[in-house]
Amino acid sequence: MSRGPVSSGGAGPKLASSSPPFEFPSYYTRQPFFTVQPVLNTRKKQSQLWGDLIVSYCRHNKIYELNLTEAATSPLFCNTTINRKLSMDGIVTFIDDLVQQGNAEWVDAREKNRVNIFWRKIDHWATLIYKWVSDMGMLGNVLTVWEIQNGENSQGQEFFELDTRVLMKALGVLEREGKAQVFSGTSDENLGVKFFAP
Amino acid sequence: MKLMNEQLVVFKQNLEEFAQKYKKKIRKSPEFRQQFNEMCTKVGVDPLASNKGFWAELLGVGDFYYELAVQIVEVCMCTRATNGGIIELGELRGHLLRKRGPKAQAINNDDIDRSIRKLHILGSGFSLIVAGSTKLVKSVPCELSVDHEAVFRIAMEKGFVSQDLLFTQLAWDKERTDSVMNLLLQEGIAWLDTQHESGQPAYWFPSIIHGGFGDEIGE
């Protein structure tokens, strides 16, 4: 597998600088991978490969929001070793597919330049958080968003230090399922959340 | 004629004794097995003929090839989405080795070749295409012509094909190139590359790219 450099700034807020560089998959070094395939079945396979790559790249670098104009020239979409890059049209096409799948959401649905990448689907975070609350015997109690994100008890949990926007979406899912209620406050981190037994 | 028949009978008996004596080695060593298979072919004995009968029982050879055939079918099905149902023999062998794991009986290209010929006889749509110094395993029913095979030969050598390359090597005009390549594109056997350094569209073949093209087979 060929190693690629970690995206340098630009493509998102946080960067896990202490982790090893992202390992690009074998197909990242294949020339035709960067041309949107004209044959439908082939494009479907290509879309799946791009989707996998985008999600794992963002997961590795803890990128929650991708700015496509910047990302277009980053190693994610641009492989200088083989002198190929995915066109902006191609980027938008494959991100649209990710949106369809539930792994992404346009921040600006008209311009289509900024997109949230959910390297875990929102539903998955919702389930994890609820289970953690339940396992701790805290159903019926109120927790703050900050506690969920950064508390002692969340260390070691997958959602530890989860991006606030993503966390809020997950709580939104639990609210819709009647499993939680978010109380208004002055800022996201201050918000209280009460969890209910099913 | 009678003498020849007698000799053949004696030869077959010798072969059976040989097989009995070297049962283990036949199972373990692909090279030895290959030689043994060739000997059998010369005498008109087919160890793969059926799962029952002397040979299969004696050697478990029938099972070995049957199992291998099933694995070949699995690999071809899993890689079909990327290579359109054409995979180079060495590439197939790599997948098989990973799939079978380090503790399985060793296999070589001859073993794979035989299994595929068996599959072909069974009418499963498998066939072998000679491409330069290697072979391609085709597991889809689409009809490929000698033109397509010519393209594979060039692709094996250069890694890709383009209009210029096909013109230089085969004197094909654009119409012929387009017609031949369109089928390969449609079948998913070739992928298009519009950023090739030559400025022309280039066509690449996941089937002959070693190291894979994003195939997860739970190896």
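The notes below deal with the structure included here. (Residues numbered from 1 in each chain as written. Chains lettered and ligands numbered in written order. Predicted model: local features only at pLDDT ≥ 70, side-chain atom pairs only at ≥ 80, totals over all residues. Heavy atoms only, no water.)

1. Points about the nonpolar core
Moving on, step 1. Counting residues in each nonpolar core, the largest one holds 58 residues, and the members touching the most others are Ile54(A), Leu66(A), Ile117(A), Ile148(A) and Phe195(A).
Moving on, step 2. If you look at the next biggest cluster of nonpolar residues, it comprises 29 residues, including Trp172(B), Val180(B), Leu192(B) and Trp204(B). (Core = buried A, V, L, I, M, F, W, Y, C linked by side-chain atoms within 4.5 Å. Buried < 20%, exposed > 50% of the residue type's maximum accessible area, 1.4 Å probe, protein only.)

2. What to know about the sheet that holds strand β7 (residues 180–183) of chain A
Across a sheet, strands are paired by hydrogen bonds formed along the backbone, either parallel or antiparallel in direction.
Residue and element names in this part refer to chain A.
Moving on, step 1. What the three strands build is an open sheet, ordered β6-β8-β7; its pairing is antiparallel. The two strands at the open ends of the sheet, each matched to only one other strand, are β6 (142–144) and β7. On average, each strand axis in the sheet is tilted by 25 degrees relative to the strand beside it, whichever way the strands run.
Moving on, step 2. Summarising the sheet, β6 and strand β8 (residues 192–195) pair through three bridges and their orientation is antiparallel. Considered in β8, the bridge of Thr 144 is made with Gly 192. (Pairing = 2+ DSSP bridges. Helix = DSSP H or I, 4+ residues; strand = E, 2+ residues; numbered from the N terminus. Axes fitted to C-alpha atoms, helices over the stretch in contact; angles between N-to-C directions.)

3. Details of the interface of chain B and chain A
Moving on, step 1. Each partner contributes residues to the interface: chain B has 20 residues there, and chain A has 19 residues.
Moving on, step 2. Interface area for chain B against chain A, summed over the two sides, is near 1700 Å², with a carbon-plus-sulfur share of 56%.
Moving on, step 3. Taken together, the links from chain B to chain A amount to two salt bridges.
Moving on, step 4. With a closest N to O distance of 2.7 Å, Arg84(A) and Asp193(B) form a salt bridge.
Moving on, step 5. At the surface where chain B touches chain A, the tally comes to seven residue pairs in polar contact (both at pLDDT 80 or more).
Moving on, step 6. Counting only elements with at least two residues in the side of chain B that touches chain A, the list comes to α5 (61–83), α10 (174–186) and β5 (191–193) of chain B.
Moving on, step 7. Top contributing element to the side of chain B that touches chain A by residue count: β5(B), with three residues.
Moving on, step 8. A per-class count over the side of chain B that touches chain A returns seven nonpolar, ten polar and three charged. (Contact = heavy atoms within 4.5 Å. Buried area = accessible area lost by both parts, 1.4 Å probe. Salt bridge = Lys/Arg side-chain N within 4 Å of Asp/Glu carboxyl O. Polar contact = N/O pair within 3.5 Å; in protein donor to acceptor, adjacent residues only side chain to side chain. Nonpolar A, V, L, I, M, F, W, Y, C, P; charged D, E, K, R; others polar.)

4. Focus: the environment of Glu197(B)
Moving on, step 1. Note on placement: Glu197(B) falls in the loop between β5 and β6 (202–204).
Moving on, step 2. For Glu197(B), a relative accessible area of 52% gives the class exposed.
Moving on, step 3. Glu197(B) has contacts with Ile82(A), Asn83(A) and Arg84(A), leaving out every residue within four places of it along the chain.

5. Focus on the pairing of strand β3 (residues 134–138) of chain B
All names here are of chain B.
Moving on, step 1. In terms of burial, β3 is a largely internal element, four of the five residues being buried.
Moving on, step 2. Where strand β1 (residues 86–88) meets β3, three bridges bridge the pair, whose relative direction is antiparallel. Of the residues in β3, the one forming a bridge with Ile 87 is Val 137.
Moving on, step 3. Note: strand β2 (residues 127–131) against β3, five bridges, orientation antiparallel.

6. Some thoughts on the pattern of salt bridges
Residues and elements named next belong to chain A.
Moving on, step 1. All chains considered together, the criterion is met by 17 salt bridges over all chains.
Moving on, step 2. Here Arg 165 ties to Glu 65 by a salt bridge, and the two come within 3.3 Å at their closest N and O atoms. With Arg 165 in helix α6 (residues 164–176) and Glu 65 in strand β1 (residues 65–67), this pair connects stretches of sequence that are 100 residues apart.
Moving on, step 3. You can call Arg 165 partly exposed: its relative accessible area is 38%.
Moving on, step 4. A relative accessible area of 15% places Glu 65 in the buried class.

7. Regarding the sheet that holds β3(B)
Residue and element names in this part refer to chain B.
Moving on, step 1. An order of β1-β3-β2 is seen for the three strands of this open sheet, with the pairing classed as antiparallel. Each of the sheet's edge strands pairs with one partner strand only, and the pair in question is β1 and β2. Averaged over all pairs of adjacent strands, the angle between their axes in this sheet comes to 30 degrees, without regard to strand direction.
Moving on, step 2. Lying over the sheet, helix α6 (residues 89–100) contacts β1 and β3, oriented at roughly 85 degrees with respect to β1.

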